[in-house]
Amino acid sequence: MDHTVDTKGGITVVRLQGVIDVNEAAALRTLLERDVDSAARGVLVDLSGVRLIDSSGIGVLVSVHRRAAETGMAFGLAACNDSVGRVFELTRTNKLLRIFSTVNVGLEGLADSERG
Amino acid sequence: MAEPFVDTLVIPSRLESIDGAREWSAGHARSAGFDQRAVYDLELALTEALSNVIRHGYAGNERRAVRLSLAIDSAKLSIRVQDSAPTFNREGHQPPDLDNPGPKGYGLYLIEELMDEVTRDHPLEGGTVLTLVKYRLESPDG
C-alpha cells in the first residue's frame, strides 16, 4: 500500500494506493491516526487507487472514524471503486462512515459539516 | 467433460504470504474466464480465510504451513484451504451486529457472503479443510 498526503483548505487528503489488507492494517492505522491528530480541519481518505480492502482495513477505518468523532475532527472517505464500495455495503459500515462519491464532493461535505 | 484444472500452493503461515496466494488464485480464475466480480470475491474470501488461519489458528507461529488446492471445471472454481491448527468452533462464533457496525468480526461473514458455498471438514490427522466454491454465471458448455 502506497500513499500520498496533500492539504486542501485545511483538510488533509490521504490518497491510498493498492491493497488494504491485514498485512497493511497496522501501517494504515498509524498513518491515519497521526493525520487525524494533526489535521487542521479534517481528514479525507481518497480510495480511488485502492483495488481491494479486507475486514482488517474496514476495521481500521471504523476505528479512525470513531477517534475523529471523539476529538471533533471531520473524517470521510471518497472515490472508492464498486468492488470496495460493495464491501462497505456488505458490512453495513457505509451507514456509519461518511463516504463521498468524489474527492471534491468530500472536501465540500467535510467543510459543510464543520460549518454546520 | 474435460478434466478439471488443478493446482496446489503451499505457503508459510506469514501474513506476507497472502499477497502471493491471492495473485495465484486470481490468475487462475481470470485464465479460466471468471469475471472481475467473481475474481474479486475469491481474492477477498481467500484473504479473510488465510488471515484467520495465520492470526488465530496458528496464533502467529510462522513455521507452520497452509496448503491451497485449487480446482476449476466447467461449472465452478473451488479452493481448499487446509491447515493443521486447532479446530475452530464455527457455531461458537458470534456473527457481526450489522445494525451497529463496529471495527471487528466481519471475516467469516464476508467469506460466507462472497462465496457460493463454504464448507468445513476436519480430517482424521487434525486441522481443518475450508472449501470455498464459486460457480460460473454461465457454463461454457451452454
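Residues numbered from 1 in each chain as written. Chains lettered and ligands numbered in written order. Predicted model: local features only at pLDDT ≥ 70, side-chain atom pairs only at ≥ 80, totals over all residues. Heavy atoms only, no water.

## Description of the overall build of chain A
Definition in use: Counting from the N terminus, the helices are the DSSP runs of H or I reaching at least four residues and the strands are the DSSP runs of E reaching at least two. The quantity called the radius of gyration is restricted to C-alpha atoms. Its globule counterpart is 2.2 Å times the number of residues to the power 0.38. The rule is simple: take the accessible area with a 1.4 Å probe, protein chains only, and divide by the maximum for that residue type; under 20% is buried, over 50% is exposed, in between is partly exposed. Between two residues, a contact is recorded if the distance between any of their heavy atoms is within 4.5 Å.
A tally of helices and strands in chain A yields four helices and five strands. Walking chain A from its N terminus toward its C terminus, one meets helices and strands in the order β-β-α-β-α-β-α-β-α. By the compact-globule yardstick of 13 Å for 116 residues, chain A fits well, its C-alpha radius of gyration being 13 Å. Looking at chain A as a whole, 55% of its 116 residues are labelled buried. Look at the contacts in chain A between residues 6 or more apart in sequence, and 69% of them connect residues 24 or more apart.

## Concerning the confidence of the model for chain B
For clarity, the threshold we go by: Per-residue confidence from the predictor is reported as pLDDT, a score between 0 and 100.
In the predicted model, chain B carries a mean pLDDT of 92, and 96% of its residues have values of at least 70. Model confidence for the complex: the whole-complex pTM is 0.93, and ipTM, which rates the interface, is 0.93.

## What to know about helix α2 (residues 36–57) of chain B
Residues and elements named next belong to chain B. Stated formally: How far a helix is expected to stretch is found by multiplying one less than its residue total by 1.5 Å.
When the terminal C-alpha atoms of α2 are compared, their 30 Å separation across 22 residues agrees well with the 32 Å that a helix rising 1.5 Å per residue should span. Of all 22 residues that make up α2, 16 are buried, and the element is covered over most of its length. Residue A59 follows α2 closely and has a positive phi angle near 50 degrees.

## Notes on helix α3 (residues 107–114) of chain B
Most of α3 of chain B is tucked away: six of the eight residues are buried. In this fold, the buried residues of α3 of chain B make contact with α2 (55–71) and α3 (82–90) of chain A together with α2, β4 (117–121) and β5 (128–135) of chain B.

## A word on the sheet that holds strand β5 (residues 99–100) of chain A
Residue and element names in this part refer to chain A. This is how the line gets drawn: Here, any two strands with at least 2 DSSP bridges between them count as paired. Interaxial angle, 0 to 180 degrees, is taken between N-to-C directions of lines fitted to C-alpha atoms, where a helix line uses only the stretch in contact.
Taken together, the five strands give an open sheet; going across it, the order is β1-β2-β3-β4-β5, and neighbouring strands pair in mixed fashion. Only two strands of the sheet have a single partner each, and these edge strands are β1 (2–8) and β5. Both strand β3 (residues 42–53) and strand β4 (residues 74–78) contribute to a ladder of five bridges, which runs parallel. Opposite V43, over in β4, you have F75 as the bridge partner. Of the strands in this sheet, β2 (11–20), β3 and β4 touch α2, which is tilted by about 150 degrees from β4.

## Quick word on the packing of α2 of chain B against α3 of chain B
Residue and element names in this part refer to chain B. Condition: Crossings are sorted by hand: turned counterclockwise from the far helix by less than a right angle, the near helix makes the crossing left-handed, and turned clockwise it makes it right-handed.
Two elements in contact, α2 and α3, have axes separated by 9 Å at closest approach and are oriented at 150 degrees. Regarding α2 and α3, the two cross each other, and that crossing is left-handed. Judged by residue contacts, D41, L44, A45, E48, A49 and N52 of α2 engage G107, L108, L110, I111 and L114 from α3.

## Brief notes about the pairing of β1 of chain A
Residues and elements named next belong to chain A. Relative to β2, β1 is paired through seven bridges, and the arrangement is antiparallel. By the bridge assignment, T4 is partnered in β2 with R15. Between the antiparallel neighbours β1 and β2 lie two residues, among them G9 with a positive phi of about 60 degrees.

## Here's the deal with the environment of V62 of chain A
Relative to the helices and strands, V62 of chain A resides in helix α2. The exposure class assigned to V62 of chain A is buried, which follows from its relative accessible area of 0%. It is 11 Å that separates the C-alpha atoms of V62 of chain A and F88 of chain A, two residues lying 26 residues apart in sequence. Not counting chain neighbours up to four residues away, the residues in contact with V62 of chain A comprise T93, L96 and L97 of chain A together with G102 and P103 of chain B.

## A closer look at the pattern of salt bridges
The condition is simple: Note on definitions: salt bridges are taken to be side-chain nitrogens of Lys or Arg within 4 Å of carboxyl oxygens of Asp or Glu.
Going through the model one piece at a time under the given rule, you end up with twelve salt bridges over all chains. Note that R34 of chain A is salt-bridged to D35 of chain A, the shortest N-O span being 3.9 Å. With a shortest N-O distance of 2.9 Å, E43 of chain B and R51 of chain A are connected by a salt bridge. Here E43 of chain B is found in helix α2, whereas its partner R51 of chain A is found in strand β3 on a different chain. For E43 of chain B, a relative accessible area of 3% puts it in the buried group. By relative accessible area, R51 of chain A is classed as partly exposed at 37%.

## Focus on the nonpolar core
Put simply, the test is: For this analysis, a nonpolar core means a set of buried residues of the types Ala, Val, Leu, Ile, Met, Phe, Trp, Tyr and Cys, connected via side-chain atoms within 4.5 Å.
Membership of the largest hydrophobic core comes to 37 residues, with the highest contact counts inside it found for L16, I53, F75 and F88 of chain A. Of all the secondary-structure elements, those providing two or more residues to this core are β2, α1 (25–38), β3, α2, β4 and α3 of chain A together with α2 and α3 of chain B. Setting aside residues no more than four positions away along its own chain, F88 of chain A makes contact with L47, I53, I58, L61, L77, C80, T93, N94, L97 and I99 of chain A. Judged by nonpolar contacts, the second largest core, of 31 residues, contains V22 of chain A together with A21, A49 and Y58 of chain B.

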